[in-house]
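Residues per chain, in single letters:
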Amino acid sequence: MKVLAAMSGGVDSAVAAARAVDAGHDVVGVHLALSETPAALRGGSRGCCSKEDAGDARRAADVLDIPFYVWDFAARFTEDVVDDFVASYAAGQTPNPCLRCNEKIKFAALLDRALGLGFDAVCTGHYAQLVDGALRRAVDEDKDQSYVLSVLTPHQLAHALFPIGDTPKSEVRAEAARRGLRVADKPDSHDICFIASGDTRAFLTERIGVRPGAIVDHATGEELARHDGVHGFTVGQRKGIGVDAPAADGRPRYVLGIEPVSGTVRVGPAAALDVRTIDAARPVWGSGRAPGPRFRCVAQVRAHGGLAGATAEPSADGVRVELDEPLRGVAPGQAVALYAGDVVLGSATITGAH
């Protein structure tokens, strides 16, 4: 099988490519240039978009003795991931850029080009497993990335390889060292790869501008403070809200809701964050269709954590998820992934929760 290995410059994608070679596939490595200014990005722990990462990927390909190319996807990444991220925050939502990158770049733009060039599959270093065409959680629960892959269609999954999903991260690093890959001890990437400073609020303000609004008490409607834009907040946020006075009961305040049109941010107690019903749109089903008109599952609303037993009821253009127990910090723009055991049934984009 002819395989295109997406090599980010990190240890995971390097070992994934090595395993694809060991499996007897005809492997070509490719690094995606996703930033229009890669020299400005932080190095050392990014594992994604910097010039240092491109060099690390090239050296790994040399060790594996496979052809290597750098493909410029910066314009597509800016449009489909960065611009989408900014627009979502401006609309009072909380997007997941890694999920969007998998959906729009690695398994849409990249896969389309790969198939057009005669490749059979795209190989990545994601921690997830494919068993009989079904996407499953990785063996390493702490590194599991099935949530951010839950947006993939059956067609995309049919042309994907995740060679390291059956291995704990510690063993992946040890294997990289045995293979002589210099990235064996490279730190994991953190934060959002395209925000070099790590300051999301400043990044968004630079692109959205100042849009003043009110921070109000959820129960009384009293204005507690002013803010410079709803893009500086997300549901469930506690720190950096900008309200100096404590609540009447002395307990912390949390962001409960965001109204982008009026610019209002509602805050209140942690208990008011509890939701038992999630409405979501644009569902993607791993098998190509919903498991049934109403089915039991486990719902997950964040990449790590935020799980609850649930009953899902698909409709023509969405899905309603009734939770067995309340979850907190459920925000529009996030994905809700639905599981049966360790199998991903599908996912959808959250539009509301109560």
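Everything numeric in this text was worked out from a predicted model, so none of it was measured.

Analysis parameters
Here the residue index of a chain counts from 1 through its sequence in written order. With the structure being a predicted model, the display of local features is reserved for residues of pLDDT at least 70 and the display and counting of side-chain atom pairs for 80 or more, all residues being used for whole-chain, interface and lining totals. Side-chain numbers here rest on the full set of heavy atoms in the structure, without hydrogens or water. Pairing of aromatic rings covers Phe, Tyr and Trp, the last counted by its six-membered ring, and requires centre-to-centre distances within 6.5 Å; plane angles under 30 degrees mean stacked, over 60 mean edge-to-face, and any other angle means tilted. Only DSSP runs of H or I reaching four residues or more are called helices, and only runs of E reaching two or more are called strands; each is numbered from the N terminus. To sort residues, take the accessible area from a 1.4 Å probe on protein chains only and compare it with the maximum for the residue type: under 20% means buried, over 50% means exposed, and anything in between is partly exposed. Geometrically, a charge over a ring is one whose NZ (Lys) or CZ (Arg) sits within 6 Å of the ring centre while staying within 35 degrees of the ring normal. Multiply 1.5 Å by the residue count of a helix minus one, and that product is the helix's expected span. Two axes are fitted around each residue, one to the seven residues ending there and one to the seven starting there, and the angle between them is reported as the bend at that residue. If DSSP finds at least two bridges between two strands, the strands pair. All axes here are fitted lines through C-alpha atoms, helices being fitted over the stretch that makes contact, and every angle between N-to-C directions spans 0 to 180 degrees. Polar contact criterion, stated in full: a pair of N or O atoms within 3.5 Å, where within protein one must be able to donate a hydrogen and the other to accept it, and residues adjacent in sequence count only if both atoms are side-chain atoms. In this description, contact between two residues means that some pair of their heavy atoms is separated by no more than 4.5 Å. Each reported salt bridge corresponds to a side-chain nitrogen of Lys or Arg within 4 Å of a carboxyl oxygen of Asp or Glu. The set of buried Ala, Val, Leu, Ile, Met, Phe, Trp, Tyr and Cys residues whose side-chain atoms join them within 4.5 Å is what this entry labels a nonpolar core. The labels follow the angle: roughly parallel below 35 degrees, roughly antiparallel above 145, roughly perpendicular from 65 to 115, and oblique for the rest. For this scheme, ten residues count as nonpolar: Ala, Val, Leu, Ile, Met, Phe, Trp, Tyr, Cys and Pro. Four count as charged, namely Asp, Glu, Lys and Arg, and the remainder, Gly too, count as polar.

Q: So what exactly am I meant to see when it comes to the packing of aromatic side chains here?
A: Between two aromatic rings, the relevant description is the distance of the centres plus the angle of the planes. Tallied over the entire structure, the rule returns eight aromatic pairs. Measuring from centroid to centroid gives 5.3 Å for Phe-85 and Phe-194, while their planes differ by 80°, and the two rings are edge-to-face. Separated by 109 residues along the polypeptide, Phe-85 in helix H3 (residues 74-90) and Phe-194 in the loop between helix H7 (169-178) and helix H8 (200-208) bring together distant segments of the chain. On the basis of relative accessible area, Phe-85 is assigned to the buried category, the value being 2%. By the ring-pair criterion, three or more aromatic residues cluster together here, those being Phe-77, Phe-85, Tyr-89, Phe-194 and Phe-203. Taking NZ or CZ as reference, Lys-2 lies 4.8 Å from the ring centre of Phe-119, over its face. Just above the ring of Tyr-339 sits the side chain of Arg-137; from NZ or CZ to the centre is 3.7 Å.

Q: Looking at this structure, I do not really get H3. What am I missing?
A: Helical periodicity: at 3.6 residues per turn, an α-helix aligns residues three or four positions apart in one direction. Under the 1.5 Å per step criterion, the end-to-end length of H3 is 22 Å for 17 residues, consistent within 8% with the ideal 24 Å. The largest bend in H3 comes to about 30°, at Asp-84. Of the residues trailing H3, Gly-92 is marked for its positive phi of about 80°.

Q: Looking at this structure, I do not really get the sheet that holds strand S8 (residues 213-217). What am I missing?
A: The strands that make up a sheet are held in pairs by hydrogen bonds between backbone atoms, and each pair lies either parallel or antiparallel. With respect to topology, four strands assemble into an open sheet ordered S9-S8-S11-S10, the strand pairing being mixed. In the strand order of this sheet, the two ends are held by strand S9 (223-227) and strand S10 (254-259), each with one partner. Taken over all neighbouring pairs, the strand axes of this sheet differ in orientation by 25° on average, direction set aside. Judged from the three bridges that link them, S8 and strand S11 (residues 264-268) form a sheet pairing that is parallel. Across the sheet, residue Asp-217 finds its bridge partner in S11, namely Val-267.

Q: So what exactly am I meant to see when it comes to the side chain of His-126 here?
A: Its location among the elements puts His-126 in the loop between strand S4 (121-123) and strand S5 (128-131). Separated by 2.7 Å, the side chains of His-126 and Thr-124 make a polar contact. His-126 has contacts with Asn-102, Lys-106, Phe-107, Gln-145, Leu-149, Phe-162, Ile-164 and Gly-165, leaving out every residue within four places of it along the chain.

Q: Just to check I follow, could you spell out the pattern of salt bridges for this structure?
A: Side chains bearing opposite charge may pair, as long as their charged atoms lie close to each other. Scanning the model with the defined rule gives 23 salt bridges in all. A salt bridge links Asp-56 to Arg-59, with the nearest nitrogen and oxygen atoms 2.6 Å apart. Within this pair, Asp-56 and its partner Arg-59 are both found in helix H2 (residues 51-64), separated by three residues, close to a single helical turn. For Asp-56, a relative accessible area of 12% translates into the label buried.

Q: What am I meant to see in the sheet that holds S4 here?
A: Sheet architecture is open: five strands sit in the order S3-S2-S1-S4-S7, paired in parallel fashion. Taken across any chain shown, the strands that pair with only one partner, and hence form the sheet edges, are strand S3 (68-72) and strand S7 (160-161). Contacting strand S1 (2-6), strand S2 (26-33), S3, S4 and S7, helix H4 (residues 97-116) runs over the sheet at an angle of about 130° to S4.

Q: How do you make sense of the nonpolar core when you look at a structure like this?
A: Soluble globular proteins: nonpolar side chains tend toward being buried together. Counting 45 residues, the largest nonpolar core has Phe-77, Phe-85, Leu-110 and Phe-194 as its most contacted members. Broken down by secondary-structure element, the contributors of at least two residues to this core are S1, S2, H3, H4, helix H5 (146-149), H8 and strand S16 (335-340). Ranked by residues supplied to this core, first place goes to H4 with eight residues. Those residues within four positions of Phe-85 in sequence are excluded, and the remaining contacts are Pro-95, Pro-97, Ile-192, Phe-194, Ile-195, Thr-200, Phe-203 and Leu-204. Residues Met-7, Ala-16, Leu-64 and Ala-138 belong to the second largest nonpolar core, which totals 26 residues.

Q: In this structure, what is going on with the packing of H3 against H8? I would like to understand it.
A: Helix packing for two helices is described by the angle between their axes and how far apart those axes are. It is at 10 Å that the axes of H3 and H8 come closest, and there the two elements cross at 90°. The pairing of H3 with H8 is recorded here as roughly perpendicular in orientation. Between H3, through Val-82, Phe-85, Val-86, Tyr-89 and Ala-90, and H8, the contact on the second element is made entirely by Thr-200, Phe-203, Leu-204, Arg-207 and Ile-208. Here the residues of the contact of H3 with H8 sort into eight nonpolar, one polar and one charged.

Q: Help me understand unusual backbone geometry, please; the structure alone is not making it clear to me.
A: The phi dihedral of Asp-132 falls on the positive side, at around 55°, and the residue is not glycine. Tracing the backbone through its elements, the reader meets Asp-132 in the loop between S5 and strand S6 (134-137). On the basis of relative accessible area, Asp-132 is assigned to the exposed category, the value being 82%. Unusually for a residue other than glycine, Arg-282 sits at a positive phi of about 50°. Topologically, Arg-282 is positioned in strand S12 (residues 275-285).

Q: Quick question: what am I supposed to make of the pairing of S12 here?
A: Direction of pairing for S12 relative to strand S15 (residues 318-327): antiparallel, over a ladder of six bridges. Paired with Thr-277 across the bridge in S15 is Glu-322. As paired strands, S12 and strand S17 (residues 343-353) are joined by six bridges and run antiparallel to one another. Bridged to Val-284 within S17 is Ser-347.

Remember that the coordinates give geometry; whether it matters functionally is a separate question.
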